[in-house]
Structures are given as structure tokens and as C-alpha cells.
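Spelled out from the first residue to the last, the chains are:
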Amino acid sequence: MSREKSEEEVNQYYENMKRDLVGPLWHDLGHMVTKEPVHDVEPYLWKWETIRDYALTAGEILEPGKDAERRVVYLQNPSLLKRGLVGYGTHTLYAGIQLLLPGEMAPSHHHSQTAVRFIIEGDGAYTAVNGERSYMERGDMILTPAWTWHEHKHEGTEPMFWMDGLDVGLVRTLAASFFEPYEGGFYPEEPEKNYSAEKLAGGAFAPKGEEKKPGYPSPIFNYRWERAQYELQRLSESQDNEDPYDAYAVEYINPTTGGPADSRIGTMMQKLLPGQDTKAHRHVHSAIYHVLEGKGYTVINGEKFEWAKGDFFILPPWSWHEHVNEGTEDAYLFSINDKPVMEKLELEFGETYKENNGRQKIEKTFEPSAIV
Ligand code: 1HN
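A quick note: this is a predicted structure, and the numbers were derived from the prediction, not measured.

A. Fine view of the pairing of strand S10 (residues 160-166). In terms of burial, S10 is a largely internal element, seven of the seven residues being buried. A two-sided burial pattern is seen for S10, the buried positions comprising Met160, Trp162, Asp164 and Leu166 on one face and Phe161, Met163 and Gly165 on the other. The pairing of strand S3 (residues 94-100) with S10 spans seven bridges and is classified as antiparallel. Its bridge partner lying in S10, Leu99 is registered against Phe161. In this sheet, S10 lies alongside strand S5 (residues 115-121) in antiparallel orientation, the contact comprising six bridges. In the sheet register, Glu121 faces S10, and the bridge partner there is Phe161.

B. Inspection of the sheet that holds S3 at higher detail. Reading across the sheet, the six strands line up as S2-S3-S10-S5-S8-S13 and stay open at both edges, with antiparallel pairing between neighbours. Two strands lie at the open edges of the sheet, namely strand S2 (72-74) and strand S13 (222-223), each paired on one side alone. Bridging between S5 and strand S8 (residues 141-144) involves four bridges; their strand directions are antiparallel. Considered in S8, the bridge of Phe118 is made with Met141. Across the sheet, helix H3 (residues 48-61) lies against S2, S3, S5 and S10, angled at about 50° from S3, the strand it touches most.

C. Examining the site of the ligand more closely. All residues adjacent to the ligand are Arg70, Tyr94, Gln98, His109, His111, Arg117, His150, His152, Asp164 and Leu166. One of the side-chain N or O atoms of His109 is found 2.5 Å from an oxygen atom in the ligand. Contact distances for the ligand include 2.8 Å between an oxygen atom and a side-chain N or O atom of His111. Surface burial for the ligand is 84%, taken as the share of its 330 Å² of free accessible area covered by protein chains. Within the residue set of the shell around the ligand, elements represented by two or more residues are S3, strand S4 (105-111), strand S9 (150-154) and S10. Partitioned by chemical class, the residues of the shell around the ligand number two nonpolar, five polar and three charged.

D. Main features of the pairing of strand S18 (residues 295-300). With respect to burial, S18 is a largely interior element, five of its six residues being buried. One ladder, built from six bridges, connects S18 with strand S19 (residues 303-308); its direction is antiparallel. Paired with Val299 across the strands is Lys304, a residue of S19. Examined bridge by bridge, S18 and strand S21 (residues 321-325) share five bridges and lie antiparallel to one another. By the bridge assignment, Ile300 is partnered in S21 with His321.

E. Here's a closer look at the sheet that holds strand S11 (residues 179-181). In space, the five strands of this open sheet follow the order S7-S6-S9-S4-S11, with antiparallel pairing throughout. What marks the edges here is a single partner per strand, and that holds for strand S7 (132-135) and S11. Between one strand and the next, the sheet's axes are offset by a mean angle of 25°, whatever the strand orientation. Bridge count between S4 and S9: three bridges; the pairing is antiparallel. Along S9, the bridge assignment pairs Met105 with Lys153.

About the thresholds
Residues numbered from 1 in each chain as written. Predicted model: local features only at pLDDT ≥ 70, side-chain atom pairs only at ≥ 80, totals over all residues. Heavy atoms only, no water. Buried < 20%, exposed > 50% of the residue type's maximum accessible area, 1.4 Å probe, protein only. Helix = DSSP H or I, 4+ residues; strand = E, 2+ residues; numbered from the N terminus. Pairing = 2+ DSSP bridges. Contact = heavy atoms within 4.5 Å. Axes fitted to C-alpha atoms, helices over the stretch in contact; angles between N-to-C directions. Near = heavy atom within 4 Å. Polar contact = N/O pair within 3.5 Å; in protein donor to acceptor, adjacent residues only side chain to side chain. Areas by Shrake-Rupley, 256 points an atom, 1.4 Å probe, with all protein chains shown as cover. Nonpolar A, V, L, I, M, F, W, Y, C, P; charged D, E, K, R; others polar.

As C-alpha cells, then:
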């Protein structure tokens, strides 16, 4: 077949296409269907002291239930802010640090986002989920599944800090966000207190990667730190249980399904023994990490992110990463991820780093950079 158009006619053709909002796939296929995941999620790290100070100062400025729905300082990924995505840690996940002071209450509401909480500091406050109270202690992981009514109240004497993890970016992208306050402020209390934590022994965990069976929603709201720690202690007694990429790791599960505790946000706790390091791998799912205990670093795409107790960092999708415990004590890393969603959509995929015995070359060390 002969090509009969002059260069000028062809150029005009492309100009006309733009005007009529159609496009030539023969030019653009490579941008639409990339050979590998393309994203604009930067890795980043926040120091605990910085976030804690901002939260405490918020304690002097406003009160939940009076001036605000919740008193939370959220983590803002700088690369996503450039696209106007406010409150994004990764393209799918949000994390914020909530402060509740003694005597304060945060009123009941519900939303289509699913939420998990991880308790950082303090005790004597509870979250009520559909009226069932669960008192929060350091290291606990609490579920607030999408659409459940939830409120918080502090009956203790010291400031209480916890991390909220929600699938804000995912729900926004899918245009599926709904929010509603509870009329009357607080949901009627159910008689049982700490039911899920006490009657159901405070947790359900499985070695990372273990095969899962299908079933029903999780009856556990509060996955107790004591139980997670016990499980990790048991695993770390034998090197056979070591995961090459995540050290000793448990995923919080729904005991009735064997699947993830929350249906959209994955939750994991890793233990690294003093001096222990892992090999690098990468996967489609992204994560937000919180350092419960310890001191060390994570290498993300050749950049060293040094962390200590309380810090938070972003693991972007499809990024090489390995962890190192540099301290003399055990390190515990809690993380939330979007793996359950990727798995449900059959998009999850991973790869291991083959060179240099699985260790990346460190090219630079991360420094937080305030936006000016
Ligand atoms: C939320 O409901 C809570 O209930 C905290 O404590 C943070 C961030 C975005 C959307 C809903 C809470 C939140 C949130």
C-alpha cells in the first residue's frame, strides 16, 4: 500500500486530532501501557519528635468534638502534593498521628474509607466501633472497617498518640468517598468492653506468605501487641522462619478467612534481631512504615533512610528495598500496605534483587527537605 499524504498533510492531521480530542495510539501506547509500574510516589521519612511536637501544639490550639472532628497531623508526601493530592502518603494510603488529651472525646462518624489504628503512646483511651469499646495500649492494632461507626474517648491521665491509616487515595481515585457524622454525637454503647481483645485472645497472625482460605469478616477489632510479640518471639527462635526480605514477619489476619485482618489495608509487623539485615525486593503494593522499636535503616532504590523509634517512612510501589537493624536491641517495624487491593484486582507482582547477594549499593542518604 502506498502512503499518499504529504508531510504537511500529515502534520495537519495530527494538529486536527488534538483539536478534536482524539489521539494516535501508535505514538502513545508506550506511555499508556508501560513495561513496568510508573508512579510519582517519592520515598520519604518523618522523625517522630517533629510530628509529636506538631500534634502537642495542636493540643493547645483546638479540641476535638468542639473545634474539629479529629485532632490529627497527617503525613504529606511532597511528590504527591505537587499534583495537588493533599493528605496522600502514597497514591493509595494515608497516615496521620492523632492526639487525644485526658478527658477529651472525638464524636462518632462513619465513612466509606477503611481505617486501622496503631497505638504509639499512652493508655486509658478507648475506641468504640459500632458501640463496642476497646481500650488502646501501645503496640495494639485496631480495625475500623469501612462504614462502621467509630468514636474515641480518653479516660486516662497522659496524652494519647496513635497512628491512623486509611485508604484515602484509593477511595478518592475510585470516586467512592462518603462521610456521615452520627446524629446525636455518640453511638449507643454496647455492654461488652474489650470483647474482641479478651474473648478472642487479642489477635490472629500467620507467617507472611502462608496460604490463606476464603471465609467471612473479622470478629477481632483489637490485635494486641502482646500477642503479636509472642508470635514473633516464637518465629524468631528458629532461623527456618526467617523471611529473606522481611526478616521475622507476621501479617495480621482475619481468623475466619485466613485473609488480611482488614479487607483493603494490609497490616504487617516485622522483627529484626540486632545486626539482622534483609535482602532487597520490590513489589507492586506500596506501604507506610512506623518504627515501633529499634534503630536502623532501610535502603529504598539506593537511598539510605535512617530510622529510630517512632519514625515513619514511605515505601513507594515497585521500589527496591531492604531493612537493617543497626542497634543492639530487637527492632520492630509496623506497616500498612495496599496489598489486599492489588491481590483482589490480580495486580500484585514482585521481584527479587539478584545482584550483590541481594544488597543494593547505597548512593545517598536521605535528609528531610522542608518545602520553601
Ligand atoms: C478518621 O475517621 C479518623 O476516626 C482519623 O479517628 C483520621 C482521616 C481521614 C478520614 C477519616 C478517626 C481520618 C479519619
